[in-house]
Amino acid sequence: MEAARVIARINSNNNFSGNYWHLELESAAIARRAMAGQFINIKVNDNSIPLLRRPLSIHSVSSSKIRLIYEAIGQGTQGLAKRKPGEFLDVIGPLGNGFNLSKTSSKNSLNILVAGGMGVAPLVFLAERLKLSQPLVLIGAKSKNCLLCIKEFKSLGSRVELATDDGSLGFKGKVTDLLKKTLSTIDHRLSTIYACGPKAMLKAISLIAAENKIRAQLSLEEHMACGIGACLGCTVQTKLGFKRVCHDGPIFLSEELIW
Ligand code: FES
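Residues numbered from 1 in each chain as written. Predicted model: local features only at pLDDT ≥ 70, side-chain atom pairs only at ≥ 80, totals over all residues. Heavy atoms only, no water.

Caption draft 1: Geometry of the nonpolar core. Formed by 52 residues in total, the largest nonpolar core has its most connected members in Leu23, Leu25, Ile42, Val91, Ile139 and Phe153. If sequence neighbours within four positions are ignored, Leu25 has contacts with Ala8, Arg9, Ile10, Asn11, Ile40, Ile42, Ser64, Lys65, Ile66, Leu68, Leu89 and Val91. Ranked by size, the runner-up nonpolar core spans 31 residues in total, among them Ala163, Leu218, Cys234 and Val236. (Core = buried A, V, L, I, M, F, W, Y, C linked by side-chain atoms within 4.5 Å. Buried < 20%, exposed > 50% of the residue type's maximum accessible area, 1.4 Å probe, protein only. Contact = heavy atoms within 4.5 Å.)

Structure representation (structure tokens):
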């Protein structure tokens with residue numbers, strides 16, 4: 001379905017931990033089109049500064065509401081954090097391809113969701129779409145204060161395991177090491193991995209998926225200028241040539257990417 005450009009009302013915009021914020025927008029036009037893994041592009045304010053729109057993964061939707069989470073760390077997202085309920089934002093979406101869920105219906109298939117840091121953002125939406133299969137969710141972060149959305153995944157019936165670099169909660173080490181350990185203890189022949197997070201994590205998951213002969217769908221995070229496929233600022237190299245993360249992705253099969 002085509003993306004819509006809408007002026008969306010801000011229902012809420014709340015700081016929930018550290019620099020992390022929840023934003024809820026009102027837009028039935030986007031909510032009813034949205035698929036897990038897609039994103040929206042937000043014009044943060046009416047000035048030309050910051051000039052660019054900010055892409056944010058869709059975190060969840062209900063009939064007319066779109067929920068997003070973001071980290072207020074740059075000029076754009078810090079500006080977004082100043083916006084108040086009742087104000088309006090110029091938004092384009094949903095954009096991108098979304099996760100392909102057509103091969104996840106087998107009763108014996110285990111869906112493994114792997115999130116690094118803010119990579120939880122689109123995976124909550126995905127866990128909601130996959131909730132009948134009770135996916136296994138592995139969340140990694142530097143320390144326990146940076147682990148996000150644990151309750152949301154659990155409330156959707158997902159099994160959740162945690163990894164922290166400093167060992168302050170869960171497995172001590174990288175979430176990719178936790179993934180390797182998990183795969184060594186289960187029959188993963190029919191599993192699918194869905195992952196979102198930093199590039200190094202996604203690259204490691206590609207290798208793990210290849211070694212274990214598992215399908216993996218990876219959500220790439222790239223700097224985006226136009227967000228609609230026009231500027232070529234977000235291209236990545238794949239076995240099928242250069243592709244635009246904003247238009248051809250952000251979800252790619254691990255085996256098609258060249259790292
Ligand atoms: Fe412009 Fe992707 S951000 S083509």
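Caption draft 2: Inspection of the pairing of strand E14 (residues 235-238) at higher detail. What you see with E14 is a clean split: Val236 and Thr238 sit on the buried side and Thr235 and Gln237 on the side with no burial. Alignment of E14 against strand E15 (residues 241-244), held across 4 bridges, turns out to be antiparallel. Note on E15: the bridge partner recorded for Thr235 is Arg244. A loop of 2 residues connects E14 with E15, the two strands running antiparallel in sequence. (Helix = DSSP H or I, 4+ residues; strand = E, 2+ residues; numbered from the N terminus. Pairing = 2+ DSSP bridges.)

Caption draft 3: Molecular detail of the pattern of salt bridges. Taken as a whole and judged by the stated rule, the model has 13 salt bridges. Residue Glu24 pairs with Arg67 through a salt bridge whose shortest N-O separation is 2.9 Å. On the criterion of sequence distance, the pair formed by Glu24 in strand E2 (residues 20-26) and Arg67 in strand E6 (residues 65-71) is long-range, its members being 43 residues apart. Of the residues examined, Arg67 reaches a relative accessible area of 25% and is grouped as partly exposed. (Salt bridge = Lys/Arg side-chain N within 4 Å of Asp/Glu carboxyl O.)

Caption draft 4: Structural context of the packing of helix H5 (residues 175-183) against helix H6 (residues 199-212). Across the interface, H5 lies against H6 with an axial gap of 10 Å and an inter-helix angle of 15°. When the interaxial angle is binned, H5 and H6 end up roughly parallel. The crossing of H5 and H6 is right-handed. On H6, the residues touching Val175, Thr176, Leu179, Lys180 and Leu183 of H5 are Met201, Ala204, Ile205, Ile208 and Asn212. Within the contact of H5 with H6, the residues separate by chemical class into 7 nonpolar, 2 polar and 1 charged. (Axes fitted to C-alpha atoms, helices over the stretch in contact; angles between N-to-C directions. Parallel < 35°, antiparallel > 145°, perpendicular 65-115°, else oblique. Left-handed = near helix turned anticlockwise from the far one by under 90°. Nonpolar A, V, L, I, M, F, W, Y, C, P; charged D, E, K, R; others polar.)

Caption draft 5: Quick peek at the side chain of Glu24. Accessibility expressed as a relative area gives 14% for Glu24, which makes it buried. The residues touching Glu24, leaving out its near neighbours within four places in the chain, are Arg9, Ile10, Asn11, Ser12, Lys65, Ile66 and Arg67.

Caption draft 6: Molecular detail of H6. Taking 1.5 Å per residue as the helical rise, H6 with its 14 residues ought to reach 20 Å, and the 20 Å between its terminal C-alpha atoms agrees with that figure. Every buried residue belonging to H6 is among Met201, Leu202, Ile205, Ser206, Ile208 and Ala209, and all of these are buried. Contact partners of the buried residues in H6: strand E8 (111-116), H5, strand E12 (192-196) and strand E13 (215-219). After H6 finishes, the residue Lys213 shows a positive phi value of roughly 55°. (Expected span 1.5 Å × (residues − 1).)

Caption draft 7: Seen up close, the sheet that holds E12. The strand order E11-E10-E9-E8-E12-E13-E16 describes an open sheet built from 7 strands, whose pairing is mixed. Because the sheet does not close on itself, it has two edges, and the strands there are strand E11 (171-172) and strand E16 (251-253). Pairing of E13 with E16 involves 3 bridges; the strand directions are antiparallel. Residue pairing in the sheet places Leu218 in a bridge with Phe252 of E16. The strands that helix H3 (residues 120-129) touches are E8, strand E9 (136-141) and E12; relative to E8, the one it contacts most, it runs at about 160°. Across the sheet, H5 lies against E8, E9, strand E10 (159-164), E11 and E12, angled at about 150° from E9, the strand it touches most.

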